[in-house]
Amino acid sequence: MTSRILATRRLPDAGWEILRKGVAVTLLAEKDDELVPRERILAAIPEADVLVSLLTETIDKEILEAGKRLRGVANMAVGFNNIDVPAATALGLPVSNTPGVLTDTTADLAFALLLAVARNLVPSDRYMREGKFKLWGPSLFLGADVSRGGDGRPKTLGIVGFGRIGQAVFRRAQGFDMRVLAFDPPLKALIDKTGGVEYADFATLLAESDFITLHTDLNPSTRHLFDERAFDSMKPNAILVNTSRGPVVDEAALVEALKEGKIAGAGLDVYEDEPRMAPGLAELENVIVLPHIASASRDTRNKMATMCAENAAAHLMGIRAPNCVNPEVYEAEAYRKRAGR
Ligand code: GLV
């Protein structure tokens, strides 16, 4: 029987070519911006040897169970909260992701958002295009300093999640002479031994940061970490940047916090109920909203696609995938049975 890869959506070219070498690939979405209904995945999965998914598809237990021939799932994203990994492991299925390659690209975007919100870049651009700029004025679009600036004080950046991307943001912050706090309980030892960053408990980070940037994964302990209480504890001049996962922030509470001036602004690349935004968010002037593009540089997306295709090929061949998120599966009886070993 020919091997078959089921791709929910098309990968960027570099990965797509690798994927199609010598195997039949079934593509579920005709158009690039087409959301694939769950039923379509469920109907096609019984014929698939490997599933290639994007973060836009929820791959739940029922879908995985229906994949009787399945040997693995390759997700083109570093995050994999869209996949029920414990269920995959129980079924003997390796799941892979694309870590590392998007670290700098994502950190660049987080920093770009931070600067853009602080210095009113989007409203200023709109002002120019609308022909409103008549005369330079000393009070036109006054923003906040990110580096020492006018008051000479280093600004405090709070990083939530000190993994690869959080660390890359920290390195950028050093160039701006910022005081950096980081909150990430499992990585406390690493933070303690890294020069130039102080470990802060969550309450301290909220109370002392001028800017807070989120780089944590989404898990039960980080869902709605930023809720009404958190916003109540932040500084009124604080700016929140989220390039991690939308549900880390209670978006309705964020809208209220921004409206009431509990915090000064936000730069968002991700949303709680993507692609929808919470009511009222789009009307706020002190917010920049982007369509989940943190890793969207041509080179990075091509590299992510290549990694994803290589992971898919490994799943297909029954060898260890280079970026497996549940490597314990390879020792499991369920995996051996599925692989016929
Ligand atoms: C993007 O959000 C990713 O997880 O790769």
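Residues numbered from 1 in each chain as written. Predicted model: local features only at pLDDT ≥ 70, side-chain atom pairs only at ≥ 80, totals over all residues. Heavy atoms only, no water.

Q: Let's hear about a nonpolar patch on the surface: which residues, and what values?
A: Nonpolar side chains collect at one region of the surface, where Met128, Phe133, Trp136, Leu140 and Phe141 lie side by side and expose about 530 Å² of accessible area between them. Along the chain, the position of Phe141 falls in the loop between α6 (121-129) and β6 (156-160). For Phe141, a relative accessible area of 30% corresponds to the partly exposed category. (Patch = residues over 30% accessible without salt bridge, like charges linked within 9 Å, V, L, I, M, F, W, Y side chains within 5 Å. Areas by Shrake-Rupley, 256 points an atom, 1.4 Å probe, with all protein chains shown as cover. Salt bridge = Lys/Arg side-chain N within 4 Å of Asp/Glu carboxyl O. Helix = DSSP H or I, 4+ residues; strand = E, 2+ residues; numbered from the N terminus. Buried < 20%, exposed > 50% of the residue type's maximum accessible area, 1.4 Å probe, protein only.)

Q: Go over unusual backbone geometry with me, naming the residues and quoting the values.
A: The omega torsion of the bond from Glu274 to Pro275 falls at 5 degrees, within 30 degrees of zero and hence cis. Residue position: Pro275 is located in the loop between β11 (265-268) and β12 (287-289). If you check the backbone angles, Asn120 has positive phi at about 55 degrees while not being a glycine. Considering the arrangement of structural elements, one finds Asn120 in the loop between α5 (103-118) and α6. The class of Asn120 is buried, set by a relative accessible area of 18%. Look at Phe141: it is not a glycine, yet its phi comes out positive at around 50 degrees.

Q: Which residues make up the nonpolar core, and what values do they have?
A: Residues Ile212, Phe226, Phe231, Met234, Leu240 and Leu254 are the most contacted members of the largest nonpolar core, which totals 32 residues. Ranked by residues supplied to this core, first place goes to helix α11 (residues 251-259) with five residues. Excluding residues that lie within four positions of it along the chain, Phe231 makes contacts with Phe226, Leu240, Val249, Asp250, Ala253, Leu254, Ala257, Lys262 and Ile263. With 28 residues, the next largest nonpolar core counts Ala110, Val169, Val197 and Phe211 among its residues. (Core = buried A, V, L, I, M, F, W, Y, C linked by side-chain atoms within 4.5 Å. Contact = heavy atoms within 4.5 Å.)

Q: So what about the layout of surface pockets? Which residues, and what values?
A: The computed volume of the second largest pocket comes to approximately 270 Å³. Forming the boundary of the second largest pocket are 21 residues, of which Val117, Asn120, Glu285, Asn286 and Val287 lie nearest the centre. Breaking the lining of the second largest pocket down by element, the ones donating at least two residues are α5, α6 and β12. The class makeup of the residues in the lining of the second largest pocket is 14 nonpolar, five polar and two charged. (1 Å grid on protein atoms, 1.4 Å probe; cavity = no way out; pocket = protein on both sides within 12 Å on 5 of 7 lines; lining within 4 Å. Points joined across faces, edges and corners; volume = space filled by probe spheres on them. Nonpolar A, V, L, I, M, F, W, Y, C, P; charged D, E, K, R; others polar.)

Q: I'd love a proper account of the sheet that holds β11, names of residues and values included.
A: Pairing is parallel in the open sheet, where seven strands are placed in the order β8-β7-β6-β9-β10-β11-β12. On the outer flanks of this sheet lie β8 (197-199) and β12, each paired with one strand and no other. Neighbour to neighbour, the strand axes of the sheet diverge by 20 degrees on average, direction disregarded. Sheet topology places β6 next to strand β7 (residues 179-183); five bridges connect them, and they run parallel. If you follow Thr156 over to β7, its bridge partner there is Arg179. (Pairing = 2+ DSSP bridges. Axes fitted to C-alpha atoms, helices over the stretch in contact; angles between N-to-C directions.)

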